[in-house]
Amino acid sequence: MLYTEKEKHEIERVKEVFAEHLRQSPDFELLWSDKVGYVWLTIGVNPVYVDTGIRIESAADLCCKCLDDVTMDVLYMTGNDHALEAADPLELAEIKRRWEPYINQLPDYAYLCKDLLNGKM
């Protein structure tokens with residue numbers, strides 16, 4: 001069994017909260033494999049390429065990847081090519097603002113925001 005029924009249900013819940021973000025992202029695809037479960041596939045659309053696939057281990061894992069992708073959207077939008085640890089106060093405020101709608105729906109995963117901000121992820 002790839003995931004317990006409870007684990008799969010929780011992954012599906014996180015997936016649903018991030019559904020629009022997952023659908024719109026040009027940088028990755030979340031796919032189901034009967035062999036390994038959910039796979040986070042790094043892709044590109046201009047030019048078209050397929051890169052690394054990473055197995056999603058848990059709902060927290062998926063939530064973290066999605067929050068990190070939201071972070072990267074902000075950093076790319078500001079034109080800064082740096083990691084979250086180097087984000088300026090305005091970038092941090094925008095990142096937290098964009099995380100809020102997701103975390104309001106997934107309060108059990110709020111700790112991931114702190115971990116991302118503290119460089120623990």
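Here, every reference points to the structure presented above.
Residues numbered from 1 in each chain as written. Predicted model: local features only at pLDDT ≥ 70, side-chain atom pairs only at ≥ 80, totals over all residues. Heavy atoms only, no water.

Quick notes on the side chain of Glu94
Here comes step 1: Within the secondary structure, Glu94 sits in helix α4 (residues 89–105).
Here comes step 2: Residue classification places Glu94 among the buried positions, given a relative accessible area of 18%.
Here comes step 3: A distance of 2.7 Å separates the side chain of Glu94 from the side chain of Arg98, its partner in a polar contact.
Here comes step 4: Beyond its immediate chain neighbours, meaning those up to four positions away, Glu94 contacts Val74 and Met77. (Helix = DSSP H or I, 4+ residues; strand = E, 2+ residues; numbered from the N terminus. Buried < 20%, exposed > 50% of the residue type's maximum accessible area, 1.4 Å probe, protein only. Polar contact = N/O pair within 3.5 Å; in protein donor to acceptor, adjacent residues only side chain to side chain. Contact = heavy atoms within 4.5 Å.)

Looking at the packing of aromatic side chains
Here comes step 1: Counting across every chain of the model gives five aromatic pairs.
Here comes step 2: Aromatic pair Tyr3 and Trp32: ring centres 6.1 Å apart, planes at 40°, arrangement tilted. Separated by 29 residues along the polypeptide, Tyr3 in the segment before α1 (5–17) and Trp32 in strand β1 (residues 28–33) bring together distant segments of the chain.
Here comes step 3: Under the relative-accessibility criterion, Trp32 is labelled partly exposed at 37%.
Here comes step 4: Seen in terms of ring centroids, Tyr3 and Tyr38 are 6.4 Å apart; in terms of plane orientation they differ by 35°. Their pairing is tilted. Highlighted residues: Tyr3 in the segment before α1 and Tyr38 in strand β2 (residues 37–45), separated in sequence by 35 residues. Tyr38 shares its class with Tyr3; the two are buried.
Here comes step 5: An aromatic cluster of at least three residues, connected via ring pairs, comprises Tyr3, Trp32 and Tyr38. (Phe/Tyr/Trp six-rings, centres within 6.5 Å; stacked < 30°, edge-to-face > 60°.)

Some details on the environment of Ala110
Here comes step 1: Relative to the helices and strands, Ala110 resides in helix α5 (residues 110–117).
Here comes step 2: Sequence separation between Ala110 and Trp99 is eleven residues, and the spatial gap between their C-alpha atoms is 9.4 Å.

Some words on helix α3 (residues 59–77)
Here comes step 1: An ideal rise of 1.5 Å per residue puts 27 Å on 19 residues; α3 measures up with 27 Å between its terminal C-alpha atoms.
Here comes step 2: Gly79 lies just past α3 and shows a positive phi near 80°. (Expected span 1.5 Å × (residues − 1).)

With respect to the sheet that holds β2
Here comes step 1: In spatial order, the strands read β1-β2-β3; together these three strands make up an open sheet with antiparallel pairing. The sheet terminates laterally at β1 and β3 (48–55), the two strands that pair on one side only. Adjacent strand axes in the sheet meet at a mean angle of 30° when their direction is disregarded.
Here comes step 2: Judged from the six bridges that link them, β2 and β3 form a sheet pairing that is antiparallel. Among the inter-strand pairings, Ile43 is bridged to a residue of β3, identified as Val50.
Here comes step 3: Packed onto the sheet, α1 meets β1 and β2 and runs at close to 30° relative to β2.
Here comes step 4: Against the sheet, α3 makes contact with β1, β2 and β3, and its axis sits at roughly 15° relative to β2, the strand it touches most. (Pairing = 2+ DSSP bridges. Axes fitted to C-alpha atoms, helices over the stretch in contact; angles between N-to-C directions.)

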